[in-house]
Amino acid sequence: MKVLVTVKRVIDYNVKVRVKADNTGVDLANTKMSINPFCEIAVEEAVRLKEKGVATEVVVVSIGAKACQEQIRTALALGADRGIQIDTELNLDSLQVAKLLAKVVEEEQPGLVIMGKQAIDSDNNQTGQMLGALTNMPQGTFASELVIENGKAKVTREIDGGLQTVELSMPAIVTTDLRLNEPRYAKLPNIMKAKRKPLVVKAAADFGINLTSSVEVLKVAEPAKRDGGEMVDSVEALVAKLKDEAKVI
Amino acid sequence: MTILLIAEHDNSAVKADTLKAVNAATAIGGDIHVLVAGANCSAAADEAAKISGVAKVLVADNEAYEHQLAENMGLLVSDLGKDYSHIVSPATTTGKNFMPRVAALLDVAQISDIIAVHSEDSFDRPIYAGNAIATVKSSDAIKVLTVRVAAFSEAGTDGSAEVVAVDAVHDAGISSFVSAELTKSERPELGAARVIISGGRGMQNGENFKLLEGIADKLGAAIGASRAAVDAGFVPNDMQVGQTGKIVAPELYIAVGISGAIQHLAGMKDSKVIVAINKDPEAPIFQIADYGLVADLFDVLPELEAAL
Ligand SMILES: Cc1cc2nc3c(=O)[nH]c(=O)nc-3n(C[C@H](O)[C@H](O)[C@H](O)COP(=O)(O)OP(=O)(O)OC[C@H]3O[C@@H](n4cnc5c(N)ncnc54)[C@H](O)[C@@H]3O)c2cc1C
Ligand SMILES: Nc1ncnc2c1ncn2[C@@H]1O[C@H](COP(=O)(O)O)[C@@H](O)[C@H]1O
């Protein structure tokens, strides 16, 4: 079974973002960029399936400018077999990304697609579900456990009230939650080997998809600032403040 | 202009999330129709009919919708939604699961997690873990929106909408429900609680969360947790507050043994009053706390319980 994994290049999760002074977006110049953490979990899951003999090949795809090849190489160093970069300078919406991915699915015919549940820049949490709808594949979103058995995918999902398990016919889409696994670190020899693994580049413009977004960003602003308050030196003082000043208890 | 709002419910009752989403829809304007899709869900539909501002309730009562599987819900809602100007749902794990399928089937974008409505086509939503707020404008004929419920108050319940059955049955036949393991608790849900007390890695183990329970009982509070506490297995996943967990905005949020990583702050920084208890005076949580107490939580929690 071939597994397709998607990775997005995003600002590193440890970096505090700055909103640009002209309110057109956030300042990404000279900031550390990484694989979206949920995508890293997706790569790890796919590699584990290969190590267990369930998957035969792990193909990783990223859509973005040339720089996202760095994240594809990271995925290759973690154990993916080959990469596809769909080249575009545009900031695509989840729908356009899903449409491009649907074309990749059509061409590659994977038995399973593993994606992050959410990109930590847009915080959209949409692309996997959209890809599911476009390809008529079932989905196991927010997965904390994945078992492939008898040609079905059994997915345990983290939901608001606890956990839910669903069974999906295959091919299927799984989107990862934090508890699915703990990604490994790439070892130096694997980082070297990854440089020689195949990576093809395709132009997004060649897919015959309308890449203009129907959602225009009018403004990006700082959230309302929250100032630190005061320190109290005892439980007694804290309870008094909550009662008399804040009046919340 | 008519809005189709998909109710969050458990077949017998509608959740508070639905009432909050109705308030967001009211801010958009136009008639509001609420869809209750489930199995044996007439009690939930009757409740939905009482929500103030709702003009009509559609009930799709069929086994195919019992667990609101995304594949079936996607087909149902995209079919029913064709003639509406907006399709809205709360950004719960249910809404997040099926709404993007609806949008893709209708070939329109989805705007996730709106926190403010400017007009019928322009909304605010947080990005980058709430470190920036984007104002976006949609030119789609049908706007598909999920609502960050913590940003809206609940609609009233003095309505009396007509209830209409929907006969369409959409069963994609590609997924099935196996089981659910739902956390049972006598306490209020995180999303609905007036007070939340959360524990982090500093709690050291699950047993120590008992120290929070006594306080929660006295304050009628819900108990939350940081990712570190969930990952370590102290408490179940549904207690995680943060960018990728639950987003809450209670009157009072007490963070105990939580450092205040941006991903945690993203889920609670809109709380009205924040209290931080941490033994490290440099912990970032103090930068946003209204009241900070530098102390060992194992000394302080029993004292706090006694003082309440
Ligand atoms: C993609 C992604 C998504 C994430 N999503 C979330 C999310 O939704 N929610 C979330 O919470 N995190 C999330 N995180 C994790 C986040 O980055 C932090 O790792 C996490 O919040 C840390 O949890 P913590 O504060 O409990 O642990 P720590 O950072 O380890 O802090 C523990 C604190 O306890 C204090 N302490 C220890 N002992 C005591 C004591 N005896 N008395 C008093 N204080 C004590 C310490 O001083 C310290 O400040 C996410 C991370 C990533 C990469
Ligand atoms: N530009 C992209 N390239 C590759 N994968 C992407 C891209 N955008 C989104 N994805 C995938 O879709 C997931 C969810 O993203 P989103 O819906 O934007 O929150 C991400 O974790 C990725 O796995």
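Scroll up to find the structure.
Every value quoted in this text rests on a predicted model; they were computed, and no experiment measured them.

K.L.:
Can you lay out the overall build of chain B for me, pointing to particular residues and giving the numbers?
P.N.:
Regarding its fold elements, chain B presents eight helices and 16 strands. Considered along the principal axes of its C-alpha atoms, chain B spans approximately 60 × 40 × 40 Å. Expressed as a percentage of the 308 residues in chain B, the buried residues total 61%. For chain B, restricting intrachain contacts to residue pairs at least 6 apart in sequence, the fraction spanning at least 24 positions comes to 65%.

K.L.:
Could you give an account of the sheet that holds strand 5 (residues 110–114) of chain B, naming the residues involved and the relevant values?
P.N.:
Residue and element names in this part refer to chain B. On the basis of which strands lie adjacent, the open sheet formed by seven strands has the order 5-9-4-1-2-3-10 and parallel pairing. Edge positions in the sheet fall to strand 5 and strand 10 (162–165), since each of these pairs with one other strand and no more. Neighbour to neighbour, the strand axes of the sheet diverge by 25° on average, direction disregarded. Across four bridges, strand 3 (residues 56–61) lies against strand 10 in parallel orientation. By the bridge assignment for strand 10, Lys56 is matched with Glu162. Relative to strand 4 (residues 86–90), helix 4 (residues 93–105) is tilted by about 165°, and along the sheet it contacts strand 1 (2–6), strand 4, strand 5 and strand 9 (143–147).

K.L.:
Could you give an account of a nonpolar patch on the surface, naming the residues involved and the relevant values?
P.N.:
Residue and element names in this part refer to chain A. On the surface, Leu188, Ile191 and Met192 cluster together to form a nonpolar patch covering roughly 280 Å² of accessible area. Here Met192 lies in helix 5 (residues 188–194). Residue Met192 is classed as partly exposed on the basis of its relative accessible area, which comes to 42%.

K.L.:
Residue-level account of a negative patch on the surface, with values.
P.N.:
Negative charge collects at one region of the surface, where A:Glu236, B:Asp296, B:Asp299 and B:Glu303 lie side by side. Residue position: A:Glu236 is located in helix 6 (residues 235–245).

K.L.:
Before we move on, could you go through the nonpolar core and cite the residues and values that matter?
P.N.:
Membership of the largest hydrophobic core comes to 51 residues, with the highest contact counts inside it found for A:Ile86, A:Leu100, A:Leu131, B:Ile6, B:Leu35, B:Val77 and B:Ile87. Here this core gets eight residues from one element, more than from any other, and that element is helix 3 (residues 94–108) of chain A. If you look at the next biggest cluster of nonpolar residues, it comprises 45 residues, including B:Leu19, B:Val117, B:Phe123 and B:Ile127.

K.L.:
Which residues make up the site of ligand 1, and what are the values?
P.N.:
Around ligand 1, the surrounding shell holds 29 residues, and the nearest of these are B:Arg201, B:Ser226, B:Gln240, B:Ser259 and B:Asn278. Residues near ligand 1 are shared among chains A and B, making this a multi-chain site. In the model, an oxygen atom of ligand 1 is placed 3.3 Å from a nitrogen or oxygen of the B:Gln243 main chain. One of the side-chain N or O atoms of B:Ser259 is found 2.6 Å from an oxygen atom in ligand 1. Compared with its free state, where it exposes 990 Å², ligand 1 has 86% of that area covered by protein. Residue composition of the shell around ligand 1, grouped by class: 11 nonpolar, 13 polar and five charged.

Cut-offs applied
- Residues numbered from 1 in each chain as written.
- Chains lettered and ligands numbered in written order.
- Predicted model: local features only at pLDDT ≥ 70, side-chain atom pairs only at ≥ 80, totals over all residues.
- Heavy atoms only, no water.
- Helix = DSSP H or I, 4+ residues; strand = E, 2+ residues; numbered from the N terminus.
- Buried < 20%, exposed > 50% of the residue type's maximum accessible area, 1.4 Å probe, protein only.
- Contact = heavy atoms within 4.5 Å.
- Pairing = 2+ DSSP bridges.
- Axes fitted to C-alpha atoms, helices over the stretch in contact; angles between N-to-C directions.
- Patch = residues over 30% accessible without salt bridge, like charges linked within 9 Å, V, L, I, M, F, W, Y side chains within 5 Å.
- Areas by Shrake-Rupley, 256 points an atom, 1.4 Å probe, with all protein chains shown as cover.
- Salt bridge = Lys/Arg side-chain N within 4 Å of Asp/Glu carboxyl O.
- Lys, Arg positive; Asp, Glu negative; His and termini not counted.
- Charge placed at Lys NZ, Arg CZ, Asp CG, Glu CD.
- Core = buried A, V, L, I, M, F, W, Y, C linked by side-chain atoms within 4.5 Å.
- Near = heavy atom within 4 Å.
- Polar contact = N/O pair within 3.5 Å; in protein donor to acceptor, adjacent residues only side chain to side chain.
- Nonpolar A, V, L, I, M, F, W, Y, C, P; charged D, E, K, R; others polar.

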